[in-house]
Amino acid sequence: MFEELIQKLQEFDTVGVYSHIRPDGDCIGAQVAACLWLEKNGVNAIGFNDDDVPLNLQWLSDFYPIHKPEEKLLKKCDAFLVLDGNSPKRFGSYSDYVQDDPKPSFMIDHHPDPYDGFDMSISVEEASSTCELVFHLFLQNDISQVDENVAKALYTGILTDTGSLQYDSVTPETMNIAAELLRLGEFRPNEVAEKVFSTKSLNQLHLLSKAMSTIELFEDNQIAIMYVTKEMLEETNTTNDDCEGFVAYPLSVAGIKAAILFKALGDGVKMSLRSKSNDVDVNKWARKVGGGGHKKASGAWHPGPLEEAIEDLVEIGAEQLVSVDKS
């Protein structure tokens, strides 16, 4: 399937490469690597994202720039490649732009239930990350094109989307690709890990302290919740980006099957859902309120207020826990 995509992408002069809104390590790593692949194969690439690159990932945009989607740049593109999202709406302004000015569009992603309106999609739900999939552009075309920058970008996505290679989405193939990236890029794992995970500010740690104090357990200690409010951000001089990774803390409580981070930042309540039980599918929880994602990692939005969002999501989770217990 990658052979056909490789052939199609090389037919264009300029390809716009989108990563999803509220970007993370996998989408930025995949985007940078894909742009580098296009350039190495004679295709101009322009990286787009509606949102700023998080502080701990900005070093990746030194490898390849990521722009705001201004119309002048968008019009230069003959086609678009979207990464790490299964629907146009995951890419913010991209959805509106392609409706007004339709151009060939392609997708590489690993989320379930992909949108079927792309000209070609590579959707592999079993893949650990989109970066694992983008690696195949190089593997099936010219593996010698994987230089240090490409390797570090792809390794970042694999590392961040697998919980540092701890999630059950990790397969022998994932580990083989990670090892190959270390070999081809000639770098050590700590060179990426320290940049991604060791860039927290003191203010962010103060925010984490406040958020940790909100942790509550529900349903016989099977569901853990934690929340962040706009007031907390103001008190600690932090932003929404500083909440990245917070959901891992309530999920780490012994005996917990699922955790939810609620962010009440003024425009409704954003929610990050995580599961560590094979029996608990938080994607189903998220989809009941219009969100979605993976079985063990999903996101959603609630109009609020915070107390109502917590009540509704815990109730949804409790219903699934009951059905799991009955089965």
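In the block above lies the structure referred to throughout.
Presented here is an overview of the structure given in this document. Source: prediction; values computed, not measured.

**Some details on the overall build of the protein**
Secondary structure assignment for the protein yields 13 helices and twelve strands. Dimensions of the protein along its principal axes, counting C-alpha atoms only, are 55 × 45 × 45 Å. When burial is assessed residue by residue, the protein has 53% of its 327 residues classed as buried. Taking contacts inside the protein between residues at least 6 apart in sequence as the whole, the part at least 24 apart equals 65%. Taking the average location of the 28 positive side-chain charges in the protein and that of its 54 negative ones, the two points are 2 Å from each other.

**Focus: helix α7 (residues 172–185)**
Over its 14 residues, α7 runs 20 Å from end to end, which matches the ideal 20 Å to within 8%, given 1.5 Å per residue. Taken together, the buried positions of α7 are T174, I177, A178, L181 and G185. Burial along α7 is one-sided: seen end-on, the buried residues are contained in an arc of 100 degrees. α7 presents P172 and R183 as exposed residues on the side facing more than 90 degrees away from its buried surface. In this structure, the buried side of α7 is in contact with α5 (130–139) and α6 (148–161). The first or second residue beyond α7 is E186, which carries a positive phi of 55 degrees.

**Some remarks on the nonpolar core**
Formed by 55 residues in total, the largest nonpolar core has its most connected members in V32, L81, V134, L137, L154 and L181. I223, A264, V280 and I310 belong to the second largest nonpolar core, which has 21 residues in total.

**Examining the packing of aromatic side chains**
Counted according to the given criterion, the structure contains ten aromatic pairs. An angle of 90 degrees between the planes, with centres 5.3 Å apart, marks the rings of Y115 and F118 as edge-to-face. Taking the relative accessible area as the measure of exposure, Y115 reaches 38% and is therefore partly exposed. What links up through ring pairs into an aromatic cluster is the set Y18, F48, F80, F91, Y94 and Y97.

**Some points on the environment of K270**
If you trace the backbone, K270 turns up in strand β10 (residues 268–275). K270 gets classed as partly exposed once you look at its relative accessible area, which sits at 27%. Between the C-alpha atom of K270 and that of G291, which follows or precedes it by 21 residues, the distance is 9.9 Å. Among all residues touching K270, those that are not within four sequence positions of it are R22, N240, L261, F262, K263, A300 and W301.

**A closer look at the sheet that holds strand β6 (residues 120–123)**
Spatially, six strands are ordered β3-β2-β1-β4-β5-β6 in an open sheet, and the strand pairing comes out parallel. Sheet topology places β3 (66–67) and β6 at the edges, where each strand pairs with a single neighbour. Summarising the sheet, strand β1 (residues 14–19) and strand β2 (residues 44–48) pair through five bridges and their orientation is parallel. Residue V15 lies in a different strand from β2, and its bridge partner there is A45. Sitting on the sheet, helix α4 (residues 93–100) touches β1, β4 (79–83) and β5 (105–109), and the angle it makes with β4 is about 155 degrees.

**Concerning the environment of S164**
Relative to the helices and strands, S164 is located in the loop between α6 and α7. Residue S164 is classed as partly exposed on the basis of its relative accessible area, which comes to 35%. Separated by 153 residues in the primary sequence, S164 and G317 place their C-alpha atoms 26 Å from one another. If sequence neighbours within four positions are ignored, S164 has contacts with L159 and F197.

Criteria and thresholds
- Residues numbered from 1 in each chain as written.
- Predicted model: local features only at pLDDT ≥ 70, side-chain atom pairs only at ≥ 80, totals over all residues.
- Heavy atoms only, no water.
- Helix = DSSP H or I, 4+ residues; strand = E, 2+ residues; numbered from the N terminus.
- Buried < 20%, exposed > 50% of the residue type's maximum accessible area, 1.4 Å probe, protein only.
- Contact = heavy atoms within 4.5 Å.
- Lys, Arg positive; Asp, Glu negative; His and termini not counted.
- Charge placed at Lys NZ, Arg CZ, Asp CG, Glu CD.
- Expected span 1.5 Å × (residues − 1).
- Arc of directions from axis to C-beta.
- Core = buried A, V, L, I, M, F, W, Y, C linked by side-chain atoms within 4.5 Å.
- Phe/Tyr/Trp six-rings, centres within 6.5 Å; stacked < 30°, edge-to-face > 60°.
- Pairing = 2+ DSSP bridges.
- Axes fitted to C-alpha atoms, helices over the stretch in contact; angles between N-to-C directions.

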